[in-house]
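Single-letter residue listing:
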Amino acid sequence: MSAPRIVKEPRWIKPTFIGIALAFFAVFIVIPLLTIFSQALGSGFKSYIRAFSEPDVFASIRLTLLTALICVPVNTFFGVILAWVITKFNFRGKNILITLIEVPFAISPVIAGLLFIFLFGSFGWFGSWLMARNIKIVFAMPGIIIATAFVTFPFVARELIPLMEELGKDDEEAALTLGANGLQTFFKITLPNIKWGVLYGVVLTNARAMGEFGAVAVVSGIIRGITTTMPLYIEILYNEYQFGAAFAVASLLTLLALVTLIVKAVIERFIAEQRKQKMV
């Protein structure tokens, strides 16, 4: 019986597909990035620096960073708790809870912003109660934080749930058998095992929090210098034909995104190495 014939692919297939991938990468990634920085620095470095000295630009940067600084720890805390509850316990409605975690991804950010307008706006469900107590949610910083927290909520939980399911319960049960309490088990057993997953979720949450536009645009009212985050202020500057300043702020937001990607890549590398060590 003759040996099976090995069919080789034509030589042109590999370089062709590599070329297509590189062309796609250049058109949709490299060229836009180069355009942002070339436009930002087109009027000179002094003009670039001067753009950040404007009070409204500084206010948008401060609001963006403050929003991320609040939303990331909150979503990390609740994401870890949700992942712990879902992976360590069996209860009625577990599948419903898992589905609800995905809701912020399933609906448009603009719809999410409208939801908070209907809840906390002057004509919303809680509007009259809030107005009677002089509490302002929408068109103010609290509304921006709530909307951003909503759209960034799933990231940590989604990263941890499959990781914790893969790790199982054996280590925690062994620690409890040896006399450790719940907190000791979590901080000495569970957290060290999931730390890279937590950091990965934190990086994704931070990236989305700084770049969110739709939900924030609805609840903020886009009040210049007060409720404008960096993405919103970039649009304002661009619509006012202040292209140099718009690209300057965009370049800063892009730099923050690139730093986030670098951190994400480093974390992915550590996670891959950790999995290899466990397989050995």
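Residues numbered from 1 in each chain as written. Predicted model: local features only at pLDDT ≥ 70, side-chain atom pairs only at ≥ 80, totals over all residues. Heavy atoms only, no water.

(A) Main features of the packing of aromatic side chains. Under the counting rule described, the total for this entry stands at 12 aromatic pairs. Between Phe24 and Phe28, the ring centres sit 4.5 Å apart and the planes meet at 35°, which makes this aromatic pair tilted. One end of the pair, Phe24, and the other, Phe28, are both in helix α1 (residues 13-40), four residues apart, so they sit about a helical turn from each other. The exposure classification of Phe24 matches that of Phe28, with both residues exposed. In this structure an aromatic cluster arises from ring pairing among Phe116, Phe120, Phe126 and Phe150. Lys88 extends its terminal NZ or CZ atom over the ring of Trp84, reaching a point 5.9 Å from the ring centre. (Phe/Tyr/Trp six-rings, centres within 6.5 Å; stacked < 30°, edge-to-face > 60°. Helix = DSSP H or I, 4+ residues; strand = E, 2+ residues; numbered from the N terminus. Buried < 20%, exposed > 50% of the residue type's maximum accessible area, 1.4 Å probe, protein only. Lys NZ or Arg CZ within 6 Å of the ring centre and 35° of its normal.)

(B) Representation of the nonpolar core within the structure. Ranked by internal contacts, the top residues of the largest apolar core, which has 22 residues, are Phe52, Val57, Leu237 and Val249. Going through the elements one at a time, α1, α2 (45-51), α3 (55-88), α11 (182-211), α13 (230-239) and α14 (243-279) are the ones with two or more residues in this core. Element by element, the count of residues in this core is highest for α14, at seven residues. Among residues more than four places away in sequence, those in contact with Val57 are Ala51, Phe52, Tyr233 and Val249. Counting residues in hydrophobic clusters, the runner-up holds 14 residues, among them Ile86, Ile101, Val156 and Phe186. (Core = buried A, V, L, I, M, F, W, Y, C linked by side-chain atoms within 4.5 Å. Contact = heavy atoms within 4.5 Å.)

The quantities given are spatial measurements derived from coordinates; they are silent on function.
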